[in-house]
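# Tertiary structure, described
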Amino acid sequence: MKMNVVEDSQKSLILDFEGIDRGILDIVKDKLIGNKDVDFVTVTKEHPESSATRLVIKSSKNPGTLLLKAISDSEKEISEMLNAIKKK
């Protein structure tokens, strides 16, 4: 996986990812949507022929910190799901 930082400011974070399934970014996006400090979040494909998928976060607080929390929360939920499946 490759990541390119397009914009990184106090209220905005735009990242382009290559080699990652969009579903992973959608899981993180759903976590961010549930955060009251996030003003806007989307996952987009900038161009149909591009392999990059873009994650855009606009927030009243540091979007990088919020992204790390969303990834951590997603990881915990996926781990719990994996453990539940293994018990079956």
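Before going into details, it helps to say that this report is about the structure given with it.

Scoring rules and cut-offs
Residues numbered from 1 in each chain as written. Predicted model: local features only at pLDDT ≥ 70, side-chain atom pairs only at ≥ 80, totals over all residues. Heavy atoms only, no water. Helix = DSSP H or I, 4+ residues; strand = E, 2+ residues; numbered from the N terminus. Buried < 20%, exposed > 50% of the residue type's maximum accessible area, 1.4 Å probe, protein only. Areas by Shrake-Rupley, 256 points an atom, 1.4 Å probe, with all protein chains shown as cover. Core = buried A, V, L, I, M, F, W, Y, C linked by side-chain atoms within 4.5 Å. Contact = heavy atoms within 4.5 Å. Pairing = 2+ DSSP bridges. Axes fitted to C-alpha atoms, helices over the stretch in contact; angles between N-to-C directions. Polar contact = N/O pair within 3.5 Å; in protein donor to acceptor, adjacent residues only side chain to side chain.

A count of helical and extended segments in the protein gives two helices and four strands. In the protein, the order of α-helices and β-strands from amino to carboxyl end is β-β-α-β-β-α. With respect to the principal axes defined by its C-alpha atoms, the protein has extents near 45 × 35 × 15 Å. Looking at the protein as a whole, 31% of its 88 residues are labelled buried. Carbon together with sulfur atoms contributes 54% to the accessible area of the protein, which is approximately 6,100 Å² in total.

By size, the foremost hydrophobic cluster in this structure holds 14 residues, and its most contacted members are Leu-32, Val-38, Val-41, Leu-55, Ile-57 and Leu-67. Among the secondary structure elements, those contributing two or more residues to this core are strand 2 (12-18), helix 1 (22-33), strand 3 (38-45), strand 4 (52-59) and helix 2 (63-87). In contact with Leu-67, not counting residues within four places along its chain, are Leu-13, Leu-15, Val-28, Leu-32, Leu-55 and Ile-57.

Reading across the sheet, the four strands line up as 1-2-4-3 and stay open at both edges, with antiparallel pairing between neighbours. Each having just a single partner strand, strand 1 (2-8) and strand 3 make up the two edges of the open sheet. Each neighbouring strand pair of the sheet contributes to a mean axis angle of 15°, computed without reference to strand direction. Looking at chain direction, strand 1 and strand 2 are connected through six bridges and run antiparallel. Residue pairing for strand 2: Val-5 is matched across the bridge by Leu-15. Here helix 1 sits on the sheet and contacts strand 2, strand 3 and strand 4; the angle it forms with strand 3, its principal contact strand, is near 170°.

For the rest of this paragraph, the subject is the pairing of strand 3. Two elements, strand 3 and strand 4, share seven bridges in a ladder whose sense is antiparallel. Bridge pairing links Thr-44 to Arg-54 in strand 4. Hairpin connection, strand 3 to strand 4: the antiparallel pair is bridged by six residues.

Turning our attention to the side chain of Asn-35. Relative to the helices and strands, Asn-35 resides in the loop between helix 1 and strand 3. Side-chain polar atoms of Asn-35 contact the backbone nitrogen of Asp-37, separated by 2.8 Å.

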